[in-house]
Amino acid sequence: MSRRRDAALAIAVLVPVAAAAVLLGTPMTPEPVFVGVARALALEIALSVRASAVRRLWARRTVGTASVAVAVVGSSLGVVVFGPASLLAVAPGLSTYLLLLAAVEFRSRGRGESRP
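All of these numbers come straight from a predicted model, not from anything done at the bench.

A. How the structure looks around a nonpolar patch on the surface. On the surface, a nonpolar cluster with roughly 380 Å² of combined accessible area is contributed by V80, V81 and F82. Residue placement: V81 occurs in helix α4 (residues 61-82).

Okay, structure coming up:
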């Protein structure tokens, strides 16, 4: 899977989650933001241990599509169970992931590596 496709999938979840947070008037508090950022970083570290296996899995289009569906449904359920503050964990987590993708892309370009 390309970084561009990874970013598109993350944005496909981030946009409705951020819109829901705004529409629900979710008050901004630091705790869920911290949780979202920490979870995103922890997940990336955990997945990097088996990077080649993760890349093979993510290469399947069905996995990407299913992950977006699960994330949107899971975020909706999070609002029902935990309240709108749960969106403040999801949105910063996705934003952190997008920033990591951008950092990796810029680093690759600086080294002259090309990856779609």
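B. Geometry of the environment of E105. Positionally, E105 belongs in helix α5 (residues 87-110). Placed 89 residues apart in sequence, E105 and P16 show a C-alpha to C-alpha distance of 25 Å.

C. Molecular detail of the packing of helix α1 (residues 3-23) against α4. Relative orientation of the contacting elements α1 and α4 amounts to 20°, with a least axis distance of 10 Å. Here α1 is positioned roughly parallel relative to α4, judged by the angle of their axes. Of the two elements, α1 crosses α4, and the hand of that crossing is right-handed. Packed against α1, whose contacting residues are R5, L9, A12, V13 and V17, the element α4 presents R61, G64, V68, A71, V72 and S75 at the interface. Here the residues of the contact of α1 with α4 sort into seven nonpolar, two polar and two charged.

D. Seen up close, the pattern of salt bridges. In total, this model carries two salt bridges according to the counting rule given. For R3, the salt bridge identified is with E105, shortest N-O distance 2.8 Å. Of this pair, R3 sits in helix α1 while E105 is found in helix α5, placing the two residues 102 residues apart along the sequence. Each member of the pair R3 and E105 is classed as buried. Put simply, R109 and E105 hold a salt bridge, and the shortest N to O gap is 2.9 Å. Placement of both R109 and E105 in helix α5 is noted, with a separation of four residues, approximately one turn of the helix. Within the structure, one salt-bridge network assembled from shared partners comprises R3, E105 and R109.

E. Up close: the environment of T65. Summarising the element assignment, T65 is placed in helix α4. Taking the C-alpha atoms as reference points, T65 and L9, 56 residues apart in sequence, are found 7.9 Å from one another.

F. Inspection of the packing of helix α2 (residues 30-48) against α5 at higher detail. Two numbers describe how α2 lies on α5: the axes approach to 7 Å, and their chain directions differ by 45°. By the angle class used here, α2 and α5 are oblique. α2 and α5 meet at a crossing whose hand is right-handed. Two secondary-structure elements touch here, α2 through P32, V33, V35, G36, V37, R39, A40, L41 and E44 and α5 through L88, A89, P92, G93, T96, Y97 and L100. Looking at the contact of α2 with α5 residue by residue, the class counts come to 11 nonpolar, three polar and two charged.

Cut-offs used in this document
- Residues numbered from 1 in each chain as written.
- Predicted model: local features only at pLDDT ≥ 70, side-chain atom pairs only at ≥ 80, totals over all residues.
- Heavy atoms only, no water.
- Patch = residues over 30% accessible without salt bridge, like charges linked within 9 Å, V, L, I, M, F, W, Y side chains within 5 Å.
- Areas by Shrake-Rupley, 256 points an atom, 1.4 Å probe, with all protein chains shown as cover.
- Salt bridge = Lys/Arg side-chain N within 4 Å of Asp/Glu carboxyl O.
- Helix = DSSP H or I, 4+ residues; strand = E, 2+ residues; numbered from the N terminus.
- Axes fitted to C-alpha atoms, helices over the stretch in contact; angles between N-to-C directions.
- Parallel < 35°, antiparallel > 145°, perpendicular 65-115°, else oblique.
- Left-handed = near helix turned anticlockwise from the far one by under 90°.
- Contact = heavy atoms within 4.5 Å.
- Nonpolar A, V, L, I, M, F, W, Y, C, P; charged D, E, K, R; others polar.
- Buried < 20%, exposed > 50% of the residue type's maximum accessible area, 1.4 Å probe, protein only.

Geometry only, nothing functional implied.
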